[in-house]
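Working through the structure, step by step
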Amino acid sequence: MFGAIEAGGTKFVCAAGDEDGRVVERIQIPTTVPEETMPQVIDFLKKYPVKAIGIGSFGPIDVNKNSRNYGYITSTPKTAWRDFPFVQTMEKALQVPIGFTTDVNAAALGEVTHGAAKGLDSCLYMTVGTGIGAGAIVHGSLLQGLSHPEMGHILVRRHPEDAYQGNCPYHSDCLEGLAAGPAIEERWGAKASELAGKKEVWELEGYYLAQALMQYSFILSPKKIILGGGVMHQEQVLPSIYQNLKELIHDYVSLPELDSYIARPGLGDDAGIIGALILAQQAWRQK
Ligand code: ADP
Ligand code: ZN
């Protein structure tokens, strides 16, 4: 049996699962402060004979095994979680191998193993929700260099009619600052889910997301791109992405049909937690 944690900014999802990535039981715990959230996570996982645990976490996190702060959540705006030793806390409580990566990396791993990118050795998973982030599988493994990628904070060309200043605390008008859920809501002055009838909102969203996808596609050449997160629940975003991307690429390279190349998650909202189970299996095999 394996344990999995998908640590998000609003909630933690914890699961126990089997060797095939099947979830046996799961719970949700609100993300408050570590002293409150973590004991509940640990109590849940202690109910099962887990051999290893996989963690997909909001970040930034330190994933460099040679670093002094490996296993920590680092410079998050959530101050209670800043410099939280996530891996060490779990190791101490359960004494099993721990796999540690970003939430989007875990989702990419889930999708490439059991979801929309099954059977491929490369894919990109992007979430557009409270933040924007992406994880990539390259040659069958998670892409990691000095640290994990930060694909949500790239720069995009501003729409000439968009006067919104952007809300990324670090870069103001990076992609996340212009196109994540909170930016949509601040720009248009309404809850994103209530803006369904406003065509211009989702056309602008597609304008920004398509630029990002062109760059990911040109740099990484993934065999498939999977888009998840709350904003993608808005049906009009994907068609706007296709249209903008087609115009941007301008037949420079030939991509597969966009509606199969860029798809919704095969595992729905479970991509991250199933990915974390697979991460646990990998951690166990490595030990
Ligand atoms: P998280 O980022 O915490 O994992 P989500 O991916 O659900 O959670 O993202 C939440 C954000 O997505 C909210 O800030 C909201 O702006 C946006 N969102 C949620 N539901 C919808 C919807 N139906 N349509 C458009 N945007 C939505
Ligand atoms: Zn930024």
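The present account deals with the structure reproduced in this document. Not measured: the values here are computed from a predicted model.

Secondary structure summary: the protein chain contains nine helices and twelve strands in total. Since a compact globule built from 287 residues should have a radius of gyration of about 19 Å, the 19 Å found for the protein chain is in line with a globular shape. With the C-alpha coordinates aligned to their principal axes, the bounding extent of the protein chain is approximately 55 × 40 × 35 Å. Within the span of the protein chain, comprising 287 residues, buried residues form 51% of the whole. Long-range pairs, those at least 24 residues apart, make up 62% of the contacts in the protein chain between residues at least 6 apart in sequence.

As a further point, take the sheet that holds strand 1 (residues 2–7). Within a sheet, adjacent strands bond to each other through the backbone by hydrogen bonds, running parallel or antiparallel. The strand order 3-2-1-4-7 describes an open sheet built from five strands, whose pairing is mixed. With one partner strand each, in any of the chains shown, strand 3 (23–30) and strand 7 (98–102) form the two edges of the open sheet. Taken pair by pair, the neighbouring strands of this sheet meet at an average axis angle of 15 degrees, ignoring direction. Where strand 4 (residues 53–57) meets strand 7, five bridges bridge the pair, whose relative direction is parallel. Its bridge partner lying in strand 7, Ser 57 is registered against Thr 102. On top of the sheet, helix 3 (residues 103–114) reaches strand 4 and strand 7; it is set at about 105 degrees to strand 7, its chief contact.

Here the focus is helix 2 (residues 86–94). For helix 2, the complete set of buried residues consists of Phe 86, Val 87, Met 90 and Leu 94. Down the axis of helix 2, the smallest arc covering the buried residues is 95 degrees, so these residues share one side. After helix 2 finishes, the residue Gln 95 shows a positive phi value of roughly 50 degrees.

Under the criterion given, the structure shown has eleven aromatic pairs. Between Phe 86 and Phe 100 the ring centres are 6.0 Å apart and the planes differ by 65 degrees, which places this aromatic pair in the edge-to-face class. Of this pair, Phe 86 sits in helix 2 while Phe 100 sits in strand 7, and the two are 14 residues apart along the sequence. Residues Phe 86 and Phe 100 agree in their burial class; the two are buried. Taken together, the ring pairs in this structure connect Phe 12, Phe 58, Tyr 70, Trp 81, Phe 84, Phe 86 and Phe 100 into an aromatic cluster. When the ring centre of Trp 284 is taken as reference, the NZ or CZ atom of Lys 51 above it lies at 3.7 Å.

The omega torsion of the bond from Gly 59 to Pro 60 falls at 5 degrees, within 30 degrees of zero and hence cis. For Pro 60, the position within the fold is in the loop between strand 4 and strand 5 (72–73). Positive phi, normally seen in glycine, also occurs at Ser 221, with a value near 50 degrees. Inspection of the secondary structure assignment puts Ser 221 in the loop between helix 6 (199–220) and strand 11 (225–228). Given the relative accessible area of 52%, Ser 221 is considered exposed.

What follows concerns the side chain of Asp 62. One can find Asp 62 in the loop between strand 4 and strand 5. With no salt bridge to any partner, buried Asp 62 finds its closest opposite charge in Arg 68, at an N-O distance of 8.5 Å. Within the structure, the side chain of Asp 62 is placed 2.6 Å from the side chain of Ser 67, a separation counted as a polar contact. With near-sequence residues (within four places) excluded, Asp 62 lies in contact with Ser 67, Asn 69, Tyr 70, Gly 71, Tyr 72, Thr 74 and Phe 100.

What follows deals with the site of ligand 1. Neighbouring ligand 1 are 13 residues, the closest being Gly 129, Thr 130, Glu 185, Gly 230 and Gln 234. One of the side-chain nitrogen or oxygen atoms of Thr 130 is found 2.9 Å away from an oxygen atom of ligand 1. Contact distances for ligand 1 include 2.8 Å between a nitrogen atom and a side-chain N or O atom of Gln 234. The protein chains hide 67% of the 560 Å² of surface that ligand 1 would expose on its own. Residues that form the shell around ligand 1 fall into these classes: three nonpolar, nine polar and one charged.

Our next topic: helix 3. Helix length check: helix 3, at twelve residues, gives a terminal C-alpha distance of 16 Å against a target of 16 Å (1.5 Å per residue), a fit within 8%. Of all twelve residues making up helix 3, nine are buried, and the element is well covered by its neighbours. Every buried residue of helix 3 is listed here: Val 104, Asn 105, Ala 106, Ala 107, Ala 108, Leu 109, Gly 110, Glu 111 and Val 112.

Below, the discussion takes up the pattern of salt bridges. Under the counting rule described, the total for this entry stands at eleven salt bridges. One salt bridge in this structure joins Asp 173 and Arg 158, with 3.1 Å as the shortest N-O distance. Here Asp 173, found in the loop between strand 10 (141–142) and helix 4 (175–179), pairs with Arg 158, found in the loop between strand 10 and helix 4; they are 15 residues apart in sequence, far enough to count as distant. Through salt bridges with shared partners, a single ionic network connects Asp 18, Asp 20 and Arg 22.

Conventions used here
- By convention here, each chain's residues receive numbers from 1 onward along its written sequence.
- Each chain is given a letter, starting from A, and each ligand a number, starting from 1, according to the order in which they appear as written.
- It should be noted that, the model being predicted, local features are given only for residues of pLDDT at least 70 and side-chain atom pairs only at 80 or more, the latter also being counted only at that level, while totals for whole chains, interfaces and linings use all residues.
- Note that the side-chain values use all heavy atoms of the structure and ignore hydrogens as well as water.
- Where helices and strands are cited, they refer to DSSP runs of H or I of at least four residues and of E of at least two residues respectively, numbered from the N terminus.
- Put simply, the radius of gyration uses C-alpha atoms, and a globule should come to 2.2 Å times the residue count raised to 0.38.
- Burial classes follow relative accessibility: with a 1.4 Å probe on protein chains only, a residue under 20% of its type's maximum area counts as buried, one over 50% as exposed, and anything between as partly exposed.
- We call two residues in contact when some of their heavy atoms are within 4.5 Å.
- In this description, strands pair whenever DSSP reports at least two bridges between them.
- Angles run from 0 to 180 degrees between N-to-C directions of axes, and those axes are lines fitted to C-alpha atoms, restricted for helices to the stretch in contact.
- This arc corresponds to the set of directions leading from the helix axis out to the C-beta atoms.
- In summary, the pairing rule links any two rings of Phe, Tyr or Trp, Trp by its six-membered ring, whose centres are within 6.5 Å, and it sorts them by plane angle into stacked for under 30 degrees, edge-to-face for over 60 and tilted for everything else.
- Either the NZ atom of lysine or the CZ atom of arginine qualifies as a charge over a ring when it sits within 6 Å of the ring centre and within 35 degrees of the ring normal.
- In this tally Asp and Glu are treated as negative and Lys and Arg as positive; neither His nor the chain ends contributes.
- When a carboxyl oxygen of Asp or Glu lies within 4 Å of a side-chain nitrogen of Lys or Arg, that pair is called a salt bridge.
- Residues adjacent in sequence count toward polar contacts only when both atoms are side-chain atoms; beyond that, a polar contact is any pair of N or O atoms within 3.5 Å, and within protein one must be able to donate a hydrogen and the other to accept it.
- Only heavy atoms are used to decide nearness, and a residue is near a molecule or strand if one of them lies within 4 Å of it.
- Only the protein chains shown count as cover for residues, and the accessible areas themselves come from Shrake-Rupley with a 1.4 Å probe.
- Polar here means any residue outside two lists: the nonpolar Ala, Val, Leu, Ile, Met, Phe, Trp, Tyr, Cys and Pro, and the charged Asp, Glu, Lys and Arg; Gly therefore counts as polar.
- Between the first and last residue of a helix there are one fewer steps than residues, each counted as 1.5 Å, and that sum is the expected span.

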